[in-house]
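Here is how the chains run, residue by residue.
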Amino acid sequence: MAKKSKQLRAALEKVDATKLYTAQEAVALAKDTNFAKFDATVEVAYNLNIDVKKADQQIRGAMVLPNGTGKTAKVLVFAKGEKAEEAKAAGADYVGEMEYVDKINGGWFDFDVVVATPDMMAVVGRLGRVLGPRNLMPNPKTGTVTMDVTKAVEEVKAGKVTYRAEKAGIVHVAIGKVSFDADKLLENFQAINNVIAAAKPATAKGTYIESLTITTTFGPGIKVDPNF
């Protein structure tokens, strides 16, 4: 831990905590201050001035990043018959029905995204208490409750990310890996930023994006000018 603390201190010294960086500067600094021994994830965090308790101020959705996430997600699809075969052909890692309900209830979570056809939601609904807290419940707003399982699986495999404002109005989204070229990270960042900006609720008052930060897995937070 002492070595990590020393590395973190060295990284923190490179970041001016009082400065709002441009997106380009922040991406370059995130790469420069990363000291993880693995290919760390680069993440953006938004602090939004919204009240998520109000139905019209909830922000949630999904998008495919222009350059992917650098990670190939494992997809579990709840489907039967022809749709199950479509999911397998599209590259789903796991496809089934009740057997996966039993596995998940038994503590199995070797997947990153759950897709379900609408007719399977009664079955998947039984997993709400375990999938819900992990943000793994399929949802029409994120394109994971659909009859078009081929599209859903292909988008996830291509680098689809979901975003959701938590209780305090915080949204976290992974935009790639430290190994990405800076221009690819920047392009992913700008793409998600456009989506978050466009999602501003009509009823939200005052400054919408209160703060914006880029971080790597262990690296320091780098504040970004929301008006970059």
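The rules behind these values
Residues numbered from 1 in each chain as written. Predicted model: local features only at pLDDT ≥ 70, side-chain atom pairs only at ≥ 80, totals over all residues. Heavy atoms only, no water. UniProt positions renumbered as here; feature names shortened; annotations may be inferred. Domains from an automatic or database assignment. Contact = heavy atoms within 4.5 Å. Buried area = accessible area lost by both parts, 1.4 Å probe. Salt bridge = Lys/Arg side-chain N within 4 Å of Asp/Glu carboxyl O. Polar contact = N/O pair within 3.5 Å; in protein donor to acceptor, adjacent residues only side chain to side chain. Helix = DSSP H or I, 4+ residues; strand = E, 2+ residues; numbered from the N terminus. Phe/Tyr/Trp six-rings, centres within 6.5 Å; stacked < 30°, edge-to-face > 60°. Buried < 20%, exposed > 50% of the residue type's maximum accessible area, 1.4 Å probe, protein only. Pairing = 2+ DSSP bridges. Axes fitted to C-alpha atoms, helices over the stretch in contact; angles between N-to-C directions.

As recorded by an unreviewed UniProt entry, the chain carries the name Large ribosomal subunit protein uL1 and is attributed to Pseudolactococcus insecticola. Its UniProt record gives the chain the following Subunit (unreviewed entry) comment, quoted word for word: "Part of the 50S ribosomal subunit." Looking at the Sequence similarities (unreviewed entry) heading of the UniProt record, one finds this comment for the chain: "Belongs to the universal ribosomal protein uL1 family."

The next point concerns the domain arrangement of the chain. Domain annotation of the chain identifies domain 1 (15-68 + 160-224) and domain 2 (75-158). On a C-alpha basis, the centroid separation for the pair domain 1 and domain 2 is 27 Å. Between domain 1 and domain 2, the contact holds eight residues from the first and nine residues from the second. Of the roughly 790 Å² buried between domain 1 and domain 2 on both sides combined, carbon and sulfur atoms contribute 47%. Three residues stand out in domain 1 for area buried against domain 2, namely R60, V64 and K160, and they jointly supply 68% of the buried area on that side. With a shortest N-O distance of 3.1 Å, K160 and E155 are connected by a salt bridge. Run the count over domain 1 and domain 2 and you get three residue pairs in polar contact (both at pLDDT 80 or more). Mapped by element, the contributors of at least two residues to the side of domain 1 that touches domain 2 are β2 (60-64) and β6 (160-164).

Under the criterion given, the structure shown has seven aromatic pairs. Look at F35 and F218: their rings are 6.5 Å apart centre to centre, the planes differ by 20°, and that puts the pair in the stacked class. One end of the pair, F35, is in the loop between α2 (23-33) and β1 (41-48); the other, F218, is in the loop between β8 (209-216) and β9 (222-223), and 183 residues separate them in sequence. By relative accessible area, which is 14% here, F35 ends up buried. For F218, a relative accessible area of 33% puts it in the partly exposed group. Taking the centre distance of 5.1 Å and the plane angle of 50° together, the rings of W108 and F111 count as tilted. Residue F111 is classed as buried on the basis of its relative accessible area of 6%.

Moving on: the pairing of β2. Of the two faces of β2, the one holding G61 and M63 is buried and the one holding R60, A62 and V64 is not buried anywhere. Two elements, β2 and β6, share five bridges in a ladder whose sense is antiparallel. Considered in β6, the bridge of G61 is made with Y163.

Within the chain, N135 stands out as a residue other than glycine whose phi angle is a positive 55°. Tracing the chain through its elements places N135 in the loop between α6 (128-131) and α7 (149-158).

An order of β4-β3-β5 is seen for the three strands of this open sheet, with the pairing classed as parallel. This sheet does not close on itself; its edge strands, each paired only once, are β4 (94-96) and β5 (113-116). Mean inter-strand twist for the sheet, computed between neighbouring axes without regard to direction, equals 15°. Strands in contact with α7 are β3 (75-78) and β5; relative to β3, the strand with the most contacts, it is inclined by about 165°.

Pairing within the open sheet is antiparallel, and its four strands lie in the order β7-β1-β8-β9. Since the sheet does not close on itself, it has two edges, and those belong to β7 (170-177) and β9, each with one partner. Here β1 pairs with β7 via seven bridges, running antiparallel. Along β7, the bridge assignment pairs N47 with I170.

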